[in-house]
Amino acid sequence: MSQIPPLSPDRLYRACDTGHFTFTTTAELDDLSEGIGQMRAIDAAHFGIGMRHAGYNLYVMGPPGSGKRYLVRQLLDQRVGQEAKPADWCYVHNFSQPHKPRAIHLPAGMGARFHADMQQLVAELQATIPAVFEGEEYRRRLAQIDEEYGERQTQAFGAVGDEAVKHGIVLLRTPNGFSFAPAKGDEVMNPDDYDKLPPEEKTRIEQEIGNLQAQLEKAIRQVQQWRRERIERVRKLNEEVVLFAVGHLIDDLRRDYADYPMVCDYLNEVQQNVIESIDEFRHPKERLSGLAALTSEMPDFSRFQVNLLVGRDGTQGAPVVYEDHPTYQNLIGRVEHVAQLGALVTNFMLIKPGALHQANGGYLLLDAIKLLTQPFSWEGLKRALSTHEIRIESLGQMYSLVSTVSLEPEPIPLDAKVILIGNRMLYYLLAQYDPEFGELFKVAADFEDEVARSADNDLLYARLIGTMARREKLQPFDRDAVARVIEHSARRAEDAEKLSTHMQSLADLVREADYRAAQDRREVVTRADVERAIEAQIRRADRLRERSHEAILRGILHIDTDGERVGQVNGLSVFQLGDFSFAQPSRITANTRLGDGELLDIQREVKLGGSIHSKGVLILASFLASRYAAEQPLSLGASLVFEQTYGQVEGDSASVAELCALLSSLANAPIRQSLAVTGSVDQFGRVQAIGAVNEKIEGYFDICRQRGLTGSQGVLIPASNVAHLMLRRDVVEAAAAGQFHIYAVETVDEALELLTGIPVGPPETEGSLDQRVAQRLKRLAELRRKYAKKAESASGARQENDDE
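Calculation notes
- Residues numbered from 1 in each chain as written.
- Predicted model: local features only at pLDDT ≥ 70, side-chain atom pairs only at ≥ 80, totals over all residues.
- Heavy atoms only, no water.
- Helix = DSSP H or I, 4+ residues; strand = E, 2+ residues; numbered from the N terminus.
- Buried < 20%, exposed > 50% of the residue type's maximum accessible area, 1.4 Å probe, protein only.
- Lys, Arg positive; Asp, Glu negative; His and termini not counted.
- Salt bridge = Lys/Arg side-chain N within 4 Å of Asp/Glu carboxyl O.
- Polar contact = N/O pair within 3.5 Å; in protein donor to acceptor, adjacent residues only side chain to side chain.
- Contact = heavy atoms within 4.5 Å.
- Pairing = 2+ DSSP bridges.
- Axes fitted to C-alpha atoms, helices over the stretch in contact; angles between N-to-C directions.
- Patch = residues over 30% accessible without salt bridge, like charges linked within 9 Å, V, L, I, M, F, W, Y side chains within 5 Å.
- Areas by Shrake-Rupley, 256 points an atom, 1.4 Å probe, with all protein chains shown as cover.

## Concerning the side chain of Arg-312
Inference 1: Tracing the sequence through the fold places Arg-312 in the loop between strand E7 (307-310) and strand E8 (320-323).
Inference 2: No salt bridge forms around the buried Arg-312; measuring N to O, its nearest opposite-charge neighbour Asp-88 is 4.9 Å away.
Inference 3: At 2.8 Å, the side chain of Arg-312 and the backbone oxygen of Gln-358 are in polar contact.
Inference 4: In contact with Arg-312, not counting residues within four places along its chain, are Lys-85, Pro-86, Ala-87, Asp-88, Ala-108, Gly-109, Pro-319, His-357, Gln-358, Ala-359 and Asn-360.

Pasting the structure below:
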């Protein structure tokens, strides 16, 4: 019988020592401003946030729920208040190229003022210009011009008429213009009288009329020139009147924005366009025609307005923007369209900002998975970071999918720090397959999954719990409740010497424990409340565990927990269902027979075994051959299988159990079915650590407890897993009462001695397991040689018969 003792109860669970807690409840503790054990990530984040050179954007990586985003926001909040507010950005109409709106930047808060000033200017123009043209002074000066040119026209035509009278001809005004006719006295000669004139007189009259016609044409040309002069004088009068009436308004704006040359240039263009658009202000409806006149009350003066794309009025420090839905348009911005008379139209006022505009001069936080799952978003972000400008383009234009004319807003310079938040796998994939990623995201902040469990970190954990409670207005936790949370955190880390840094699960437990305390109307959360919260979490998720354990207890799945069997051992399998994992025993069997050294893994043959499981089987086959057949052929045929499993088997944590079942079959040594085994094995027979050791022990314990604990039941685990034990209280109590045992083994020989009760070696020791295996392999080798000789003799006889 093996001399390996079971582990003592104190090694099965490391309780939190509340003696080093100096507080009564977490209400007495200060808030925790930084994460626990995350100094590497915090230092990297500080560097990435503070480094302003190009390409030093930040990728924050770690498991989901580790509090990455919250901690980064804390670091940013500490910094942004000390930074200057970035500029406002506006888009204005480009009067020379209307399809290319111009971008103007102004100090923070000035953009909103400029927007309001231009709105006020347009309103005053609409009110002032029509009133000016209705004024008495304007009408007087316009009448003076009209009178002057009217007199000139009258004199010019009067001179032609006087000249005609001298020659007996009359200048007539008709609806169709001017004409000449011979005169008789003061009246026009009638046709009969004209016919009676001598031919010489008729000829004279026609010649005179021809001369007069030339004079009339000259007078008409002169009148047309005067008319153009009049129009020009009226235009200048209109400009003069408008400038006199509203010029001071634009001059006031020029003075207000004298320090901003781009604004002054824009105001000059506005003034020129106002002058060119006087008629629109004077007669708004007269400029429209057709259906537009019926559907529009006023012409569109939006070209004089300002599109305040990003305004910083009322903000403090640099902006911090988190874009939860990073589509291409939400990142880069877009140009919207409106339906008008059955067509889609747009203008610079419909340019909308993206997250990069909002974060310009500050920080933009993005979820890496969400960013990469949105079409074109990743490429658009890289283009903006590479060119250091935000260029608003529609995807249709960018990829030549549409040929319609749209706006091409002037690009805006980009100076923003982009912080991607994602998992490690995504970071390494991007680093491997995207050559631009390393150039644009040079800083990685890697958050720890777990931290060392120490007195200092226990106190930090207590402060963290107190901070969460205050932040969410929960009841304070007493020291025993804090201790239980810390113990559960070690269990989540699967290591008694570590604490999990998974903030989401910690926050969930804190909230649910507070709920249990509130149900009992307690003002302080106790250890019992934390226990109830943990049990409730498990209860909500363990339906499938109950069903699988029920199948074992009803005998549907054959699992023996007492007696002995040759070539059969209880392995332990873990099932992961979301955030909940559980284990149950699996029956592993082995058969051995005469063969040529082949070890058949039935799971692999039927493609129900994963690559790591297959690797474990090959390793144990190597161990078997090196120990028992180093200098002779292995005359063995063997098969291994997980009985009653119908899904994929993966992992090498059952390789110790498989090797024990195989050696049991070879040596014909029964294995105690009251024990279960977990652990992987190397080629030298050393037992190696595995994962989920607590769940595996508890899974077998639950089956044994429901069948009845006998005091002989237990689990064999790798010695290197002892530091990971954080078992349930009922398992620890059963071990303390001697009803259930946990054995730590370092080699497969120790496991075999515990399972069979037979010393393993050396081979020369009478009755040892190694001797029994060696003898069995020797018999198989002799049988193989015997059959080989018979086969050789039979082959020779057939050859002689063939020769005859």
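## Section: the sheet that holds strand E1 (residues 58-61)
Inference 1: Strand order in the open sheet made by the 5 strands is E8-E13-E16-E1-E17, with parallel pairing throughout. Strands with a single pairing partner mark the edges of an open sheet, and in this sheet they are E8 and strand E17 (443-446). The average undirected angle you get between the axes of adjacent strands in this sheet is 20 degrees.
Inference 2: The sheet contact formed by E8 and strand E13 (residues 363-367) spans 4 bridges and is parallel. Within E13, the residue paired with Tyr-322 across the bridge is Leu-365.
Inference 3: Relative to the sheet, helix H2 (residues 68-80) contacts E1, E8, E13 and strand E16 (417-422), its axis offset from that of E13 by approximately 175 degrees.

## Points about a nonpolar patch on the surface
Inference 1: A cluster of nonpolar side chains, namely Met-425, Leu-429 and Tyr-433, defines an oily patch on the protein surface of about 380 Å² accessible area.
Inference 2: You can see Leu-429 is positioned in helix H15 (residues 424-433).

## Some points on the side chain of Asn-570
Inference 1: Along the chain, Asn-570 turns up in strand E21 (residues 568-577).
Inference 2: Polar side-chain contacts of Asn-570 include one of 2.8 Å to the backbone oxygen of Asp-560.
Inference 3: Once residues within four sequence positions are removed from consideration, Asn-570 is found in contact with Ile-559, Asp-560, Ser-586, Gln-673, Leu-675, Ala-676, Val-677 and Tyr-700.

## Looking at the pairing of E13
Inference 1: In terms of residue burial, E13 counts as a mostly covered element, since 5 of its 5 residues are buried.
Inference 2: Every second residue of E13 is oriented toward a common face, with Tyr-363, Leu-365 and Asp-367 on one face and Leu-364 and Leu-366 on the other, all of them buried.
Inference 3: As paired elements, E13 and E16 share 5 bridges and run parallel to each other. Within E16, the residue paired with Leu-365 across the bridge is Ile-419.

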